[in-house]
Amino acid sequence: MIVDKDFTISDIDERIYGSFIEHLGRAVYGGLYEPDHPQADESGFRKDVMELVENLQVPIVRYPGGNMVSAYNWEDGVGPKSERPRRLELAWSTIETNQVGTNEFAEWAKKVNSEVMMAVNLGTRGIDAARNLLEYCNHPGGTFYSDLRKKHGYDQPHNIKTWCLGNEMDGPWQLGGKTAEEYGRLAYETAKAMKIVDPSIELVSCGSSHAKMPTFPQWEATTLEHTYEFADYISLHQYYGNHDNDTANYLAKSLDMDNFIQSVISTCDYIKAKTRSKKTINLSFDEWNVWFHSTDADKKLEPWQVAPPQLEDVYNFEDALLVGNMLHSMIKHSDRVKIACMAQLVNVIAPIMTENGGKVWKQTIYYPYYYTSVYGRGKALKPIIHSPKYDSAEFTDVPYLDSSIVYNEAKEELVVFATNRHLENTLLVECDIRSFEEFELLEHVVLENDDPKAVNTRDQENVKPHHNGESYTDNGILQGVLPRMSWNMIRLRKKKTQ
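The model shown is predicted, which means the values in this text are computed figures rather than measured ones.

1. Focus on the pattern of salt bridges
In the structure shown here, the tally under the stated rule is 38 salt bridges. With its nearest N and O atoms 2.7 Å apart, the salt bridge here joins E312 to R26. Residue E312 is located in the loop between α9 (295–299) and α10 (317–332), and its partner R26 is located in the loop between β2 (18–20) and α1 (47–56); the two are separated by 286 residues in the primary sequence. The exposure classification of E312 matches that of R26, with both residues buried. E355 is the partner of R458 in a salt bridge, and the nearest nitrogen-oxygen pair spans 2.7 Å. Of this pair, R458 sits in the loop between β20 (439–448) and β21 (470–474) while E355 sits in the loop between β12 (352–354) and β13 (360–362), placing them 103 residues apart in sequence.

Shown next as structure tokens:
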């Protein structure tokens, strides 16, 4: 591998390390919010959960959905809690108590040093509800909705700057789903109204629900022809699973993510040319993760419960490797991917799990997310990689070495994130870092396990990193030993002059 200071991809927007909270399962109730928990603060939020979220340094959290936003009345979740209605939540067939809403979530986000990325309902509602919610959140005062916020105890505006124009509106499962033309027109008119209320906001236009949708990428092309003037981003959503129990093929699925990103970039740039625009639309990969373990359990749940255990995937070691590779993909495309949200943050397909009334613990996928978020800030560099390759059931020419590189100029740190996809063999990686010759090794963190199916539980952490990675530098060459089936972070810093 060759790494050079001049091989710059882009400054990394820290929002690519964002996450997502939907009113689904135990993400909110029992996850973020549990007033009767011994660790609950004065507002009912679990402090043990907040501590782990703060450690992740999550810069932005998408809220409140997800599928549920397409039938959500935001007014149900504001004002005195005793007066808030209990509703049938139709996306996930549960009861929504509305004890947490816009103000509570904005308050929680401040506590964990995060921003809110708010989604509006373009399924059962539209322009009016969206502009009113924006006025409620962002207008300083002197109008009906801004004064209503003040009446509810929030004198200062929340100043939410990133807004999603609906969610997965191409999906037949979506309440109020739309054709591309229908969504494009509604999103355009909603965006126009919202930018009049607050011209400083950024808007995310709905892309396809995933890359296998039959209308992809025509959906992007058609909707962007309508929304290009007002939209700043288009959304991407993608989940992966090891349904065939084929680890080698599973670890290659980040190549599919690369192709998905590139296809959406190409479509955006085609519409830019077609509309003669000077503006470049960037990407918001605002739902991504592994999701397949909980599918059978979810089918057995009785409907109309309050906060049932839905989508509670128990992640294993190979899931953590794929998550690491997906994060490589975000960094490698950071010139166009400016926002990304791991879906979700707590309990629901999440890096953090809780027990109602009890403990909190880290799933296997917590670790690549943690290290990449904390140390992956700065400039993304393009590595030149020469790696042996393999073929799998779905992919050809899969490099055993997958890597992303971050140079933090302010801290004078170089960080190499690297995955060895090989199921049996160690990789000895020789990295030419002559443009960083004065840098010395700080640490080599390794996430490895002999069992790709190893999981973490409430009482036992079977998958956790160690700091005994084998690496050394000599005359501008970094030598790193990557164990079989491992995710690695090798961090270097400029030598201090005497």
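2. Some thoughts on the environment of W92
Here W92 is to be found in the loop between β4 (87–89) and β5 (94–96). The spatial distance from the C-alpha of W92 to the C-alpha of G25 is 8.3 Å, given a sequence separation of 67 residues. Not counting residues within four places of it along the chain, the set of residues in contact with W92 comprises E22, H23, L24, N67, M68, W291, Q310 and L311. At 2.9 Å, the side chain of W92 and the side chain of E22 are in polar contact.

3. A short note on the pairing of strand β6 (residues 115–120)
Consecutive side chains along a regular strand alternate between the two faces of the sheet. Within β6, 5 of the 6 residues are buried, which leaves it mostly tucked inside the rest of the structure. Across 4 bridges, the pairing between strand β3 (residues 60–63) and β6 is parallel. The residue of β6 that forms the bridge with I60 is E115.

4. Brief notes about the sheet that holds β20
An order of β1-β14-β17-β18-β23-β20 is seen for the 6 strands of this open sheet, with the pairing classed as antiparallel. Strand pairing shows two members of the sheet lacking a second neighbour, β1 (8–11) and β20, which therefore form its edges. The sheet shows a mean angle of 20 degrees between the axes of neighbouring strands, direction not considered. Pairing geometry for β20 and strand β23 (residues 486–494), over 9 bridges, is antiparallel. Bridge assignment links L447 to a residue of β23, and that residue is W487. Across the sheet, helix α11 (residues 366–375) lies against β17 (401–408), β18 (413–420), β20 and β23, angled at about 20 degrees from β23, the strand it touches most.

About the thresholds
Residues numbered from 1 in each chain as written. Predicted model: local features only at pLDDT ≥ 70, side-chain atom pairs only at ≥ 80, totals over all residues. Heavy atoms only, no water. Salt bridge = Lys/Arg side-chain N within 4 Å of Asp/Glu carboxyl O. Helix = DSSP H or I, 4+ residues; strand = E, 2+ residues; numbered from the N terminus. Buried < 20%, exposed > 50% of the residue type's maximum accessible area, 1.4 Å probe, protein only. Contact = heavy atoms within 4.5 Å. Polar contact = N/O pair within 3.5 Å; in protein donor to acceptor, adjacent residues only side chain to side chain. Pairing = 2+ DSSP bridges. Axes fitted to C-alpha atoms, helices over the stretch in contact; angles between N-to-C directions.

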